[in-house]
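Breakdown of the fold
Take a look at the letters that make up each chain.
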Amino acid sequence: MRKTVAALLLAASMTLGAPSVPALGASAVPCRQGALSVLRGRGGPEMDTVQIRTLHIDAKATAKSFAIGRSAKVAVTITRPAGEDPLGNGVQVPSPTFVPASDIYVGVGVNLGDVFLPAFGVTGADGKAVIDIKLKDYAVPTKAQVSVYAYHTDVDTACMRLEENGFKKYKNMFTVTR
């Protein structure tokens, strides 16, 4: 929460400038002119994107096997914080508690040999979503390798975007049958 507030204040100051120091002018806020150009429809500089790994993912199939032509269902629970370093340096950060994360976009990718099947959803207030993946007729019967990516955009300005995310892979989550 503190990072979100700090990022909002940073984004607001970058976009609006520092009105209490008029002598510094636009050069004191490097992105101000770019932000104004974007708002006026003239394009602008590249946007900086800051990604922090704050989302913890738990996923499991609702059944042990699913037939081709039907939908596989994967139940996903997203919580905060993640049990790892938010900056992605690999340092484990244990947490005494986890809080459900709502309104998180969840992408589930199912690998069946050479076949890739994507599906998407959004978590509810309880941090849960059930993702339906249509097992197309060209899918092959095999063990499903599943990847889950979760993300949420906390701040989105003309100069900067702050996103939180999480990623997890699962081997042999379920079996696909004919």
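Read on for an overview of the structure. Quick caveat, the model's predicted, so the values are computed rather than measured. (Residues numbered from 1 in each chain as written. Predicted model: local features only at pLDDT ≥ 70, side-chain atom pairs only at ≥ 80, totals over all residues. Heavy atoms only, no water.)

A short note on the overall build of the protein chain
On a plain count of helices and strands, the protein chain comes out with two helices and ten strands. Here the protein chain holds 178 residues, and 34% of them are scored as buried. Within the protein chain, contacts between residues at least 6 apart in sequence are counted, and of these 61% link residues at least 24 apart. Total accessible area on the protein chain is roughly 10,700 Å²; 57% of this is exposed by carbon and sulfur atoms. (Helix = DSSP H or I, 4+ residues; strand = E, 2+ residues; numbered from the N terminus. Buried < 20%, exposed > 50% of the residue type's maximum accessible area, 1.4 Å probe, protein only. Contact = heavy atoms within 4.5 Å. Areas by Shrake-Rupley, 256 points an atom, 1.4 Å probe, with all protein chains shown as cover.)

A few points about the packing of aromatic side chains
One pass over the structure, following the stated rule, counts three aromatic pairs. With centroids separated by 5.1 Å and ring planes inclined at 90°, the aromatic side chains of Phe66 and Phe174 adopt a geometry described as edge-to-face. You can see Phe66 sitting in strand S3 (residues 65–67) and its partner Phe174 sitting in strand S10 (residues 160–177), a full 108 residues away along the chain. Note on Phe174: relative accessible area 1%, which makes it buried. Connected via pairs of aromatic rings, a cluster forms that spans Tyr105, Tyr149 and Tyr151. (Phe/Tyr/Trp six-rings, centres within 6.5 Å; stacked < 30°, edge-to-face > 60°.)

Describing unusual backbone geometry
For the bond running from Arg80 to Pro81, omega is -10°, close enough to zero to count as cis. Structurally, Pro81 can be placed in the loop between strand S4 (71–80) and strand S5 (99–100). One non-glycine residue with positive phi stands out, namely Asp103, at about 55°. Positionally, Asp103 belongs in the loop between S5 and strand S6 (105–112). A positive phi angle is found at Asn172, which is not glycine, with a value near 50°. Within the secondary structure, Asn172 is located in strand S10. For Asn172, a relative accessible area of 46% puts it in the partly exposed group.

Things to note about a nonpolar patch on the surface
Taken together, the side chains of Tyr105, Val122, Tyr149, Tyr151 and Phe167 present a nonpolar region at the surface, about 440 Å² in accessible area. Following the sequence through the fold, Tyr105 ends up in strand S6. Owing to a relative accessible area of 44%, Tyr105 belongs among the partly exposed residues under this scheme. (Patch = residues over 30% accessible without salt bridge, like charges linked within 9 Å, V, L, I, M, F, W, Y side chains within 5 Å. Salt bridge = Lys/Arg side-chain N within 4 Å of Asp/Glu carboxyl O.)

A few points about the pairing of strand S2 (residues 56–61)
Covered by surrounding structure in S2 are Ile57, Ala59 and Ala61 only, the residues His56, Asp58 and Lys60 on the alternate face being uncovered. Here S2 runs beside S4; their pairing, made up of six bridges, is antiparallel. For Ile57, the partnering residue across the bridge sits in S4 and is Ile78. (Pairing = 2+ DSSP bridges.)

Focus on the nonpolar core
Among the nonpolar cores identified, the biggest contains 32 residues, and Val76 and Phe174 are the most heavily contacted of them. Listing elements by their share of this core, those giving two or more residues are S2, S4, S6, strand S7 (115–122), strand S8 (128–134), strand S9 (143–156) and S10. Filtering out sequence-adjacent residues up to four positions away, Val76 remains in contact with Ile57, Asp58, Ala59, Val106, Val108, Gly127, Lys128, Ala129, Ile131 and Val148. (Core = buried A, V, L, I, M, F, W, Y, C linked by side-chain atoms within 4.5 Å.)

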